[in-house]
Amino acid sequence: MANLNIALIKKHDATFYYSLWNGDYPYNHMTAVDGTIAAGGGMEYPNVTIIGESMMPFALETVIMHEVGHNWFYGILGTNERDHAWMDEGINSFNELRYILTKYPERSLLEGEGLVDIMNRILGTEELTPKAQYELGYFFNAYTNKDQPLELTSEDYSEFNYWGMVYEKSAIVFYYLYSYLGEDLFDKCMKKYYETWKYKHPQPKDLRDVFQDVTGKDLDWFFDNLIKTTDKIDYKILGLNKSQNTVKIKNMGQVNSPFPITVIKNSNEKSTFWVEGFSADKEALQPIG
Ligand SMILES: [Zn+2]
């Protein structure tokens, strides 16, 4: 599959990208059925997705892609959505975000629905990207500390948090891990996880063990903090030393995660690199080039 020209792939994109990023779809068909549905835009079943009405082609595509994607997680891997919703709905939503950013990198949130200007005015933003939808869904309750950890059973969530945490927070924390590890290493982990555990009902520890083994990195910050708690990543720049090209950074939060630094030189030369994390309340001097 890696040799195919991705630009030429027009149809069957959900099965194509989910197979490319997670491992091949093992069956010979996938069907989207236009049917009566009371549960929102779509509902997943093995090999079949039921779709209802969508307001626009983009919404229809993302619904089909999302529901098709469930086949990899609750279907083929066989994770338990009631006990560990983030392993199905959450990782699926990360793939959904990645799909949108891959296929429509220039797209604004709500494009074509006439709401972008209103949202920008309310939120004081200039441009809402697709990723902002996921961030806003999480921040809405995290901002007032009404957020809940990802490792809860489904019935323990408030109605809003089942969406804001399980779908939206999962998508952005997995995107964070993906950005830190890089595409190649992240994909290696997901493929190893899929190959090792398909049809075997993996638990959270099984996913964690694969990521630890494949990366050789300490990922406690991800699996202990971001998945199991509501701890927030919060690094602060205390000062910039231009002559020595260093910044002084303090960890103001509770998570010793890695974090990205973006340096802008000559007003438009941007470069981003990741720095390994350090403990809460510690300060560190970081070279920036
Ligand atoms: Zn879903």
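Bear in mind the structure is a predicted one, so any value in this text is a computation, not a measurement.

Moving on: the coordination of the zinc ion. Ligation of the zinc ion by protein atoms is provided by H66 (NE2), H70 (NE2) and E89 (OE), these donors lying 1.7 to 2.0 Å from the ion. Linear spacing of the donor residues for the zinc ion on their chain is H-x3-H-x18-E. Highlighted residues: H66 in helix α2 (residues 57-77) and E89 in helix α3 (residues 85-103), separated in sequence by 23 residues.

In this structure, D34 sits in strand β1 (residues 31-34). Put simply, D34 and K270 are 236 residues apart on the chain and 46 Å apart in space, counted from C-alpha to C-alpha.

A word on the nonpolar core. If you look at the biggest cluster of nonpolar residues, it comprises 64 residues, and the most contacted ones within it are F174, L177, F186, L207, F211, W221 and F222. At 12 residues, helix α6 (residues 159-181) tops the list of elements feeding residues into this core. Apart from residues lying up to four places away in sequence, W221 is in contact with Y176, L177, Y180, L226, V255, N256, S257 and P258.

How two helices sit against one another is set out by the angle between their axes and by the gap between those axes. Here α3 crosses α6 at 60 degrees, and the two axes come no closer than 8 Å. On the basis of the axis angle, α3 is oblique to α6. Crossing geometry of α3 relative to α6 is assigned as right-handed. For the pair α3 and α6, the contacting residues are A85, W86, E89, G90, I91, S93, F94, L97, R98 and L101 in the first and Y162, V166, Y167, S170, A171, F174, Y175 and Y178 in the second. By residue class, the composition of the contact of α3 with α6 is 13 nonpolar, three polar and two charged.

A few words on the sheet that holds strand β4 (residues 235-241). What the three strands build is an open sheet, ordered β4-β5-β8; its pairing is antiparallel. The open sheet has two free edges, formed respectively by β4 and β8 (283-287), since each of these has just one partner strand. Across the sheet, the axes of successive neighbouring strands diverge by a mean angle of 30 degrees, strand direction being ignored. Sheet analysis places strand β5 (residues 246-251) next to β8, joined by five bridges and oriented antiparallel. Directly across from V247, in β8, lies its bridge partner Q286.

Right, let's talk about the pattern of salt bridges for a bit. In total, this model carries 13 salt bridges according to the counting rule given. A salt bridge links E155 to R82; the nearest nitrogen and oxygen atoms lie 3.6 Å apart. Here E155 is found in the loop between α5 (130-142) and α6, whereas its partner R82 is found in the loop between α2 and α3, with 73 residues between them in sequence. In this pair, the class of E155 matches that of R82, namely exposed. Salt-bridge contacts for R208 lead to D224; the nearest nitrogen and oxygen are separated by 2.8 Å.

Positive phi values are uncommon outside glycine, yet N245 reaches one of about 55 degrees. Its location among the elements puts N245 in the loop between β4 and β5. According to the relative accessible area criterion, N245 is partly exposed, its value standing at 31%.

About the cut-offs
- Residues numbered from 1 in each chain as written.
- Predicted model: local features only at pLDDT ≥ 70, side-chain atom pairs only at ≥ 80, totals over all residues.
- Heavy atoms only, no water.
- Donors = N, O, S within 2.8 Å, 3.2 Å for Na, K, Ca; no water.
- Helix = DSSP H or I, 4+ residues; strand = E, 2+ residues; numbered from the N terminus.
- Core = buried A, V, L, I, M, F, W, Y, C linked by side-chain atoms within 4.5 Å.
- Buried < 20%, exposed > 50% of the residue type's maximum accessible area, 1.4 Å probe, protein only.
- Contact = heavy atoms within 4.5 Å.
- Axes fitted to C-alpha atoms, helices over the stretch in contact; angles between N-to-C directions.
- Parallel < 35°, antiparallel > 145°, perpendicular 65-115°, else oblique.
- Left-handed = near helix turned anticlockwise from the far one by under 90°.
- Nonpolar A, V, L, I, M, F, W, Y, C, P; charged D, E, K, R; others polar.
- Pairing = 2+ DSSP bridges.
- Salt bridge = Lys/Arg side-chain N within 4 Å of Asp/Glu carboxyl O.

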